[in-house]
Amino acid sequence: MGDRKPHFSFWLIAGAGLLWNLMGCLTYIAQSSPDTVAQMSAVQQAIIAGRPAWATAGIAAGVFGGAVGCILLLLRRSVALPVFILSAAGMIVASVFTLQVVGVTPPMVLALLIAVALVWYASITRRFGWLR
């Protein structure tokens, strides 16, 4: 197991997932900068200021876990799957806060779909023997 050569789409999907999650990491980091937050709308500022620690931790686990999971996927490591599961759990936790404050938003839905899709894809690549 783990010695089969991945299809070229593997590299595209893992690379796109890494880019997506790195954008999430940058957004997370930007939200910790008072100067950046000051340039946002009043609604966004209020959401960030009122966000509880558990929601912030969920976002961090989601985006940083997703980035690490994609790096592990690109390195063809089977531990990518549990990392993606933790990342998806973090996104679910963060979404609970978003739902309470502003309801369903397209970025939240997209982030959740991508997190779940990466869990699904990592499980498939593991079954195909592409991960070690």
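Criteria and thresholds
- Residues numbered from 1 in each chain as written.
- Predicted model: local features only at pLDDT ≥ 70, side-chain atom pairs only at ≥ 80, totals over all residues.
- Heavy atoms only, no water.
- Phe/Tyr/Trp six-rings, centres within 6.5 Å; stacked < 30°, edge-to-face > 60°.
- Buried < 20%, exposed > 50% of the residue type's maximum accessible area, 1.4 Å probe, protein only.
- Helix = DSSP H or I, 4+ residues; strand = E, 2+ residues; numbered from the N terminus.
- Expected span 1.5 Å × (residues − 1).
- Contact = heavy atoms within 4.5 Å.

Here we look at the packing of aromatic side chains
Enumeration over the complete set of coordinates arrives at six aromatic pairs. Ring geometry for Phe10 against Trp11: centres 4.8 Å apart, planes inclined by 90°, an arrangement best described as edge-to-face. Classification of Phe10 by relative accessible area gives buried; the value is 0%. Members of the aromatic cluster, each reached through a chain of ring pairs, are Phe10, Trp11, Tyr121, Phe128 and Trp130.

Looking at helix α1 (residues 8-30)
An α-helical turn contains 3.6 residues, so a residue and the one three or four places further along point in the same direction. If you check α1, its first and last C-alpha atoms are 33 Å apart, about what 23 residues at 1.5 Å a residue would give, namely 33 Å. Within α1 the residues assigned to the buried category are Phe10, Ala14, Gly17, Leu18, Asn21, Gly24 and Cys25. Summarising the contacts, the buried residues of α1 are in contact with α4 (53-74) and α6 (106-127).

What about unusual backbone geometry?
One non-glycine residue, Arg76, lies in the positive phi region at around 60°. Relative to the assigned elements, Arg76 resides in the loop between α4 and α5 (80-101). Since its relative accessible area comes to 12%, Arg76 is described here as buried.

By themselves, these are just geometric observations and shouldn't be taken as functional.
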